[in-house]
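Observations on chain architecture
Given next are the chains, with one letter for each unit.
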Amino acid sequence: MYIMCFSKGLSALQMALDDGVLPNKTLGFIPTAGDTYKNPYFVDESRKRLKVHNIKLVELDVTKDSKESLHSKLDSVDGLYIAGGNTFFLLYQLIQKDIYKLLVKKVQMGLPYFGESAGAVLLAKSIEPAKAIDNPEDAPLLESYNGLNLINFFPLPYADRDKYKLPFTKLIKEYKEKIDIIQFTDVQAIITKDGSSYEILNSAIETI
């Protein structure tokens with residue numbers, strides 16, 4: 001596996017390029033987690049930051065594209081990038097479009113996965129701790145909080161943002177005995193190639 005988790009800055013993506021895991025510099029881009037926001041400006045910012053690295057994006061709109069189209073697009077790219085937003089809504093849409101299990105299989109078979117914020121949290125065994133920053137009511141029909149279960153820790157982005165200090169303190173107190181919570185800042189990224197061992201990298205925020 002080849003997995004990177006981002007909070008905001010994507011500069012660590014250069015390591016993936018240097019590792020040769022994106023030979024054609026193409027990424028399937030899933031913006032779906034941002035659909036619950038009136039102005040998901042942060043999704044467009046992610047697109048711009050990726051293009052700073054000369055990455056070609058293939059849009060996978062999970063809520064609008066057909067299952068067949070999503071499968072075809074996934075087969076045409078070097079890797080997958082899932083942008084931020086509401087993790088619960090994202091998970092629900094992936095399940096509804098019957099693409100959830102396919103993503104797990106493809107990543108396990110070697111498709112590089114890059115997740116930002118919600119896209120990073122989705123990798124965990126359970127996304128339940130994300131209630132500290134995301135509203136589960138944005139996906140009221142979601143029956144399970146089971147994430148992709150591709151990593152055995154919980155990546156918690158935004159560790160340097162003041163507005164999350166209180167909710168994160170509560171989150172860590174509630175879950176610290178149950179899961180391994182790995183906090184990382186907007187200028188850091190997490191890389192793992194086996195879902196267990198990991199390294200925290202510097203990942204500066206690109207000028208866009």
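Worth saying up front: this structure is predicted, and the values here are computed from it rather than measured.

Here a ring pair, both rings aromatic, is described through the centre-centre distance and the interplanar angle of the planes. Using the criterion set out here, one finds 10 aromatic pairs in the structure. Judged by centre distance (5.0 Å) and plane angle (85 degrees), the rings of Tyr37 and Phe42 are edge-to-face. Measuring from centroid to centroid gives 5.3 Å for Tyr158 and Tyr164, while their planes differ by 15 degrees, and the two rings are stacked. Overall, Tyr158 belongs to the buried group, its relative accessible area being 11%. For Tyr164, a relative accessible area of 14% translates into the label buried. Here the aromatic residues Tyr2, Phe6, Phe29, Tyr81 and Phe114 are joined through ring pairs into a cluster of three or more.

Glancing now at the sheet that holds strand E1 (residues 3–6). The sheet built from 7 strands is open, its strands ordered E3-E2-E4-E5-E1-E8-E9 with mixed pairing. At either margin of the open sheet sits one strand with a lone partner, and together these are strand E3 (56–59) and strand E9 (199–202). When strand polarity is set aside, the average angle formed by the axes of neighbouring strands in this sheet is 25 degrees. Bridge analysis of E1 against strand E5 (residues 113–116) gives 4 bridges, and the strand direction is parallel. In the strand pairing of E5, Phe6 is matched with Glu116.

Along strand E8 (residues 188–192), 4 of the 5 residues are buried, which leaves the element largely enclosed by surrounding structure. As paired elements, E1 and E8 share 4 bridges and run antiparallel to each other. Paired with Met4 across the bridge in E8 is Ile191. The pairing of E8 with E9 spans 4 bridges and is classified as antiparallel. Residue pairing for E9: Ala189 is matched across the bridge by Leu201.

Even without glycine at this site, Asp98 takes up a positive phi of about 55 degrees. Relative to the elements of secondary structure, Asp98 occurs in the loop between helix H4 (87–96) and helix H5 (100–108). Judged by relative accessible area, Asp98 falls into the partly exposed class, the value being 43%. Backbone geometry at Ser117 places phi at a positive 55 degrees, although glycine is not the residue there. Within the secondary structure, Ser117 sits in the loop between E5 and helix H6 (118–121).

Attention now goes to the pattern of salt bridges. Evaluation of the coordinates by the stated rule reveals 12 salt bridges. Note that Arg47 is salt-bridged to Glu59, the shortest N-O span being 2.7 Å. With a gap of 12 residues between them, Arg47 in helix H2 (residues 41–52) and Glu59 in strand E3 connect regions that are remote in the sequence. Across the salt bridge formed by Lys131 and Glu128, the nearest N and O atoms sit 3.6 Å from each other. Overall, the relative accessible area of 28% leaves Glu128 in the partly exposed class. Here the salt bridges share partners, and the residues they tie into one network are Asp44, Arg47, Lys48 and Glu59.

Each α-helix turn comprises 3.6 residues. Residues three or four places apart therefore point the same way. Over its 12 residues, H2 extends 17 Å from the first C-alpha to the last, a length consistent with the 16 Å expected when each residue adds 1.5 Å. The secondary structure elements touched by the buried residues of H2 are helix H1 (13–19), strand E2 (26–30), E3, strand E4 (79–82) and E5. Just beyond H2, the residue with positive phi is Asn54, at close to 60 degrees.

Rules used throughout
- Residues numbered from 1 in each chain as written.
- Predicted model: local features only at pLDDT ≥ 70, side-chain atom pairs only at ≥ 80, totals over all residues.
- Heavy atoms only, no water.
- Phe/Tyr/Trp six-rings, centres within 6.5 Å; stacked < 30°, edge-to-face > 60°.
- Buried < 20%, exposed > 50% of the residue type's maximum accessible area, 1.4 Å probe, protein only.
- Pairing = 2+ DSSP bridges.
- Helix = DSSP H or I, 4+ residues; strand = E, 2+ residues; numbered from the N terminus.
- Axes fitted to C-alpha atoms, helices over the stretch in contact; angles between N-to-C directions.
- Salt bridge = Lys/Arg side-chain N within 4 Å of Asp/Glu carboxyl O.
- Expected span 1.5 Å × (residues − 1).
- Contact = heavy atoms within 4.5 Å.

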